[in-house]
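Here's the letter readout for the chains.
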Amino acid sequence: MTASPLGDYLRGRRAQLTPEALGLPVYGRRRVVGLRREEVAMLTGVSVDYYVRLEQGREVSPSPQVLDSLGEVLRLDDDGRQHLYRLAGLSPRPASPAAVEEVDSALLELLLSWRDSPALVFGRAFDVLACNPLGEALFNGFPFSRNLTRATFLDPAARTFYPDWHRVAENTVAGLRLADGLTPGNPLIRGVVDELRVKSPDFVRMWDQHDARGKRLTSKRFLHPDVGHLELRVHAFDVRGVPGQELVVYHAPPGSPAAEALALLGTIAATRAIG
């Protein structure tokens, strides 16, 4: 059997669904987690042999109709469907990314102009490429790593810093999986994945679920060592001039406790900077 990213993805997504969720009868002893291959093949409208060849990497050119049907059966959202198409080679690959990720000077100026909202620019593997002073203060100067994927899984303090750690971690892994599909073999992403597969069982479990999606969190909670609890709205934007970079802005409604906490955090950070 030849491993393939497409086959791995199909197996991972199949394992996340139960027959009950799709209205299938349950009978006999089930030796697999999730759906059987036979069940996916039946619902997709292909032969069992054809579907097995897809998972085993012996069939690498499924039609758009088959992919659409698989996306429906496996309950994939838009990001998941696009990821499926990319793995099957039915969407154009982006140009190879630059070896060094750099932030445009005009974007840096924009970051610095936002004084009341933490703002960061992420690279493909969630390296913090740039941030404004309030962003630096929100993440407490990134004491463990400026790669937030590594910090989320390897920094023991992350599980306190993020009260909803499990939710944050799952979304981080899903975003990394989506980025990996956009630029297969990217050394920055593969370096993070390879390290965390060795060091973090939680990462391995989440990575093997094969969730692939962009940022979906509309708000995020923090427990900051200087100002306590914060709940901030999250706004994420693709940097059109540099595919793979993402601008993330954290915002608090004016007059809210979170806005007051951010103002205090900014004062503390400014005091430390001149002290």
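Predicted model only: the values in this text are computed from it and were never measured.

Section: the pairing of strand β5 (residues 246-251)
Counting buried positions over the six residues of β5 gives five, a clear majority of the element. For strand β1 (residues 119-122) and β5, the ladder comprises four bridges, and the chain directions are antiparallel. Across the sheet, residue F122 finds its bridge partner in β5, namely E246. Where strand β4 (residues 228-238) meets β5, six bridges bridge the pair, whose relative direction is antiparallel. Bridge assignment links D238 to a residue of β5, and that residue is E246.

Focus on the sheet that holds strand β3 (residues 219-224)
Spatial ordering of the open sheet is given by β2-β1-β5-β4-β3, a layout of five strands whose pairing is antiparallel. The open sheet has two edge strands with one neighbour each: β2 (128-131) and β3. Strand after strand, the sheet turns through a mean of 30° between neighbouring axes, direction not considered. Contacts from helix α13 (residues 257-274) reach β3 and β4 within the one sheet, and its direction differs from that of β4 by about 90°.

Topic: the UniProt feature "domain: HTH cro/C1-type" (unreviewed entry) in the protein
According to UniProt, the positions carrying the feature "domain: HTH cro/C1-type" (unreviewed entry) are residues 34-81. Between the end C-alpha atoms of residues 34-81 the distance is 19 Å, and the span holds 65% helix and 0% strand.

Quick look at helix α2 (residues 37-44)
Every buried residue of α2 is listed here: E39, V40, A41 and T44. Of the surrounding elements, those touching the buried residues of α2 are α1 (5-14), α3 (48-56) and α4 (64-73). Phi turns positive, to about 90°, at G45, one or two residues after α2.

Description of the environment of V48
Its location among the elements puts V48 in helix α3. Residue V48 is classed as partly exposed on the basis of its relative accessible area, which comes to 36%. With sequence-adjacent residues up to four places away left out, V48 is seen in contact with E38 and A41.

Thoughts on the layout of surface pockets
What the largest pocket holds in volume is close to 540 Å³. Broken down by secondary-structure element, the contributors of at least two residues to the lining of the largest pocket are α5 (78-87), α10 (165-182) and β4. No other element matches the four residues that α10 contributes to the lining of the largest pocket. A breakdown of the residues in the lining of the largest pocket according to their chemical character gives nine nonpolar, seven polar and seven charged.

A word on the side chain of S69
Looking at the element boundaries, S69 is found in helix α4. Taking the relative accessible area as the measure of exposure, S69 reaches 17% and is therefore buried. Setting aside its immediate chain neighbours within four residues, S69 contacts L43 and T44.

Remarks on the pairing of β4
Here β3 runs beside β4; their pairing, made up of six bridges, is antiparallel. By the bridge assignment for β4, S219 is matched with R233. Between the antiparallel neighbours β3 and β4 lie three residues.

With respect to α13
Residues spaced three or four apart along an α-helix point in a common direction, a consequence of the helix completing one turn every 3.6 residues. Given a rise of 1.5 Å per residue, 18 residues ought to cover 26 Å, and the 26 Å separating the end C-alpha atoms of α13 matches this to within 8%. Taken as a whole, α13 has its buried residues at A258, A261, L262 and L265. Angular distribution of buried residues about the axis of α13 spans 100°; they occupy a single face of the element. In this structure, α13 carries E260 and I274 as exposed residues pointing more than 90 degrees from its buried face. Check the buried side of α13 and you find it contacts α7 (133-138), β3 and β4.

A short note on the packing of aromatic side chains
Two aromatic rings, taken as a pair, are described by how far apart their centres are and by the angle between their planes. In the structure shown here, the tally under the stated rule is 12 aromatic pairs. Ring geometry for F139 against F222: centres 5.9 Å apart, planes inclined by 85°, an arrangement best described as edge-to-face. You can see F139 sitting in the loop between α7 and α8 (148-154) and its partner F222 sitting in strand β3, a full 83 residues away along the chain. What makes F139 buried here is its relative accessible area of 5%.

A few points about the packing of α1 against α3
Interaxial distance between α1 and α3 falls to 6 Å at its minimum, and their mutual angle equals 110°. The pairing of α1 with α3 is recorded here as roughly perpendicular in orientation. Residues L6, G7, L10, R11 and R14 of α1 form the contact with α3, whose participating residues are Y51, L54, E55 and Q56. Along the lines of polarity and charge, the residues of the contact of α1 with α3 split into four nonpolar, two polar and three charged.

Cut-offs and rules
- Residues numbered from 1 in each chain as written.
- Predicted model: local features only at pLDDT ≥ 70, side-chain atom pairs only at ≥ 80, totals over all residues.
- Heavy atoms only, no water.
- Buried < 20%, exposed > 50% of the residue type's maximum accessible area, 1.4 Å probe, protein only.
- Helix = DSSP H or I, 4+ residues; strand = E, 2+ residues; numbered from the N terminus.
- Pairing = 2+ DSSP bridges.
- Axes fitted to C-alpha atoms, helices over the stretch in contact; angles between N-to-C directions.
- Contact = heavy atoms within 4.5 Å.
- UniProt positions renumbered as here; feature names shortened; annotations may be inferred.
- 1 Å grid on protein atoms, 1.4 Å probe; cavity = no way out; pocket = protein on both sides within 12 Å on 5 of 7 lines; lining within 4 Å.
- Points joined across faces, edges and corners; volume = space filled by probe spheres on them.
- Nonpolar A, V, L, I, M, F, W, Y, C, P; charged D, E, K, R; others polar.
- Expected span 1.5 Å × (residues − 1).
- Arc of directions from axis to C-beta.
- Phe/Tyr/Trp six-rings, centres within 6.5 Å; stacked < 30°, edge-to-face > 60°.
- Parallel < 35°, antiparallel > 145°, perpendicular 65-115°, else oblique.

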